[in-house]
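# A closer look at the structure
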Amino acid sequence: MTPLNNRQFLLARRPVGAASRDDFTFQTVPVDAVAEGQILVKSEYLSLDPAMRGWMNEGKSYIAPVELGAVMRALGVGRVIESQHPKFAAGDYVQGALGVQDYFVGEPKGFNKVDPNVVPLQRYLSALGMTGMSAYFALLEVGAPKSGDTVVISGAAGAVGSMAGQIAKIKGCRVIGIAGGAEKCHALLNDYGFDGAIDYKNEDIHAGLKRECPKGVDVYFDNVGGEILDAVLTRLAPKARVVICGAISQYNNKEAVKGPANYLSLLVNRARMEGFVVMDHAANFASAGMEIAGWLAQGKINSKEHVVDGLETFPETLMMLFKGENTGKLVLKV
Ligand code: NAP
């Protein structure tokens, strides 16, 4: 049998500021033989995540950086072609860290089987993937919303934000989303059932918060950091919870991250701000997945995937996240 060709993106250098094609090597190599304990997977869809930009940086974080010369890390879903592992068989569909490449060969550490007959395969990267898990645990465990609370979410029309907002609605909250542009704000109100929207690109964020949150903000789910975080801090209600899920406005900084100037609002309001890492909740992913699958089946959650075709487009497609060009969960079809 002729060996399979594997197109791969390797991290060639550590980006300064925004990443670009020049930071990667795009190569084609034959697929390695499958050894004992390993599986060979054909990638079908790869998850493109803002966190990938952080994984390219050197230094201590919640996960080791991608090494220079290594295949760029990416979660994905694909089909097992060959297995030398007792838990997987050829024909199984799996979710795991496949990397930005056509084929994964290796030990299936942390891989799970998925069923494309239950939901479309790409949904295992959105509502039923890390996106859904992040929204679920960050909101419910850290944000701890109560029925009637006002919940504000930034990056609200994105993958995690739109899920978090819909879960907050299920929990009986009043949900206000902050997103860039009229189209995204329209989607918040009409596709995701939010109660209010603030278009941070076209209106004054402070005025928008005053209009939409007259009684203050009980839970702030932050995906963007920077000036938007600072603005929401000024409107906290007593005992508010600020969930630091992400800070995409800061990921491409060439200088130090800009911290919030208005943090003393935490003191005045006896509020708290807490960081969140989804992997801390891995032990409970299966039960959360069941609950989210139920909401999807009942039509209580709308999950949108923004699919871009072609592994070869990886660097430019990744950068769509930082330009606000994605609507819903950004995935690359391999
Ligand atoms: P996403 O929201 O689908 O896409 C990113 C969105 O961020 C863009 O569409 C854009 O929306 C917005 N954005 C980009 N640059 C911005 C800026 N300078 N200021 C304000 N908004 C900006 O991405 P996602 O996968 O759902 O991730 C959302 C956040 O969750 C990220 O910060 C990510 O790192 C974080 N996250 C954290 C964990 C964890 O374990 N802590 C896990 C998953 C994700 P607009 O058009 O509205 O600007």
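Rules and cut-offs
- Residues numbered from 1 in each chain as written.
- Predicted model: local features only at pLDDT ≥ 70, side-chain atom pairs only at ≥ 80, totals over all residues.
- Heavy atoms only, no water.
- Helix = DSSP H or I, 4+ residues; strand = E, 2+ residues; numbered from the N terminus.
- Buried < 20%, exposed > 50% of the residue type's maximum accessible area, 1.4 Å probe, protein only.
- Contact = heavy atoms within 4.5 Å.
- Areas by Shrake-Rupley, 256 points an atom, 1.4 Å probe, with all protein chains shown as cover.
- Lys, Arg positive; Asp, Glu negative; His and termini not counted.
- Charge placed at Lys NZ, Arg CZ, Asp CG, Glu CD.
- Phe/Tyr/Trp six-rings, centres within 6.5 Å; stacked < 30°, edge-to-face > 60°.
- Disulfide = S-S within 2.5 Å.
- Near = heavy atom within 4 Å.
- Polar contact = N/O pair within 3.5 Å; in protein donor to acceptor, adjacent residues only side chain to side chain.
- Nonpolar A, V, L, I, M, F, W, Y, C, P; charged D, E, K, R; others polar.
- Domains from an automatic or database assignment.
- Buried area = accessible area lost by both parts, 1.4 Å probe.
- Salt bridge = Lys/Arg side-chain N within 4 Å of Asp/Glu carboxyl O.
- Pairing = 2+ DSSP bridges.
- Axes fitted to C-alpha atoms, helices over the stretch in contact; angles between N-to-C directions.

### Examining the overall build of the protein
Counting its secondary structure elements, the protein contains 9 helices and 15 strands. Dimensions of the protein, computed from C-alpha atoms along their principal axes, come out at roughly 70 × 45 × 35 Å. Taking all 334 residues of the protein together, 52% fall into the buried category. If you take every contact in the protein between residues at least 6 apart in sequence, the share linking residues at least 24 apart comes to 65%. When the accessible area of the protein is evaluated, it comes to approximately 15100 Å², of which 52% is carbon and sulfur surface. The distance from the centre of the 34 positive side-chain charges to the centre of the 35 negative ones in the protein is 5 Å.

### Focus: the packing of aromatic side chains
On inspection of all chains with the given rule, the structure shows 8 aromatic pairs. Seen in terms of ring centroids, F9 and F24 are 6.2 Å apart; in terms of plane orientation they differ by 90°. Their pairing is edge-to-face. Within this pair, whereas F9 is found in strand β1 (residues 5-11), its partner F24 is found in strand β2 (residues 24-30), the two being separated by 15 residues in sequence. Like F9, the residue F24 is buried in the burial classification. Judged by centre distance (6.1 Å) and plane angle (35°), the rings of Y136 and W295 are tilted. Here the residue Y136 occupies a position in helix α2 (residues 130-143), and W295 occupies one in helix α8 (residues 285-297), the gap between them amounting to 159 residues. Given a relative accessible area of 11%, Y136 falls into the buried group. The rings of F9, F24, F26 and F314 are connected pair by pair, giving a single aromatic cluster.

### Brief notes about the state of the cysteines
With the rule as written, the count across this model stands at 0 disulfides. C213 supplies the cysteine sulfur nearest to C173, a cysteine that is in no disulfide, at a spacing of 12 Å. A disulfide-free cysteine, C245 has its sulfur positioned 16 Å from the sulfur of C173, the nearest such atom.

### Focus: the site of the ligand
Around the ligand, the structure places 25 residues, and the nearest of them are V160, K184, Y200, Y251 and N326. Contact distances for the ligand include 2.7 Å between an oxygen atom and a backbone N or O atom of V160. Within the side chain of Y200, an N or O atom sits 2.5 Å from an oxygen atom of the ligand. Relative to its unbound accessible surface of 920 Å², the ligand loses 89% to contact with the protein. Across the shell around the ligand, the residue classes break down as 15 nonpolar, 9 polar and 1 charged. Here the shell around the ligand spans two domains, since at least three of its residues come from each of domain 1 (5-125 + 304-333) and domain 2 (130-279).

### Let's talk about the domain arrangement of the protein
Domain annotation for the protein reports domain 1 (5-125 + 304-333) and domain 2 (130-279). If you average the C-alpha positions of domain 1 and of domain 2, the two centres end up 28 Å apart. The partner domain 2 presents 14 residues to the 19 residues of domain 1 that form the contact. The largest contributions to the domain 1 side of the interface with domain 2 come from G17, K304 and F322, which together make up 29% of the buried area. Summed over the shared surface of domain 1 and domain 2, the number is 1 salt bridge. Of the charged contacts in the structure, one is a salt bridge between D191 and K304, with a shortest N-O distance of 2.7 Å. Along the contact surface separating domain 1 from domain 2 lie 5 residue pairs in polar contact (both at pLDDT 80 or more). Of the residues belonging to the side of domain 1 that touches domain 2, the class tally is 10 nonpolar, 5 polar and 4 charged.

### Section: the pattern of salt bridges
Applying the stated rule across the entire model yields 13 salt bridges. For R7, the salt bridge identified is with E312, shortest N-O distance 3.1 Å. Taken together, the residues span a long stretch of sequence, with R7 in strand β1 and E312 in the loop between β14 (305-309) and α9 (314-319) at a distance of 305 residues. Given the relative accessible area of 25%, R7 is considered partly exposed. Given the relative accessible area of 36%, E312 is considered partly exposed. Each of R7, D102 and E312 takes part in salt bridges that share partners, so that together they form one network.

### A closer look at the sheet that holds strand β10 (residues 196-199)
Taking strand neighbours across the sheet as the criterion, the 6 strands line up as β10-β9-β8-β11-β12-β13 in an open arrangement whose pairing is parallel. Single-partner strands in this sheet number two, and they are β10 and β13 (272-275). On average, adjacent strands in this sheet sit at an angle of 15° to one another, irrespective of strand direction. In terms of strand pairing, strand β11 (residues 217-222) meets strand β12 (residues 236-244) through 5 bridges, oriented parallel. Directly across from Y220, in β12, lies its bridge partner V242.

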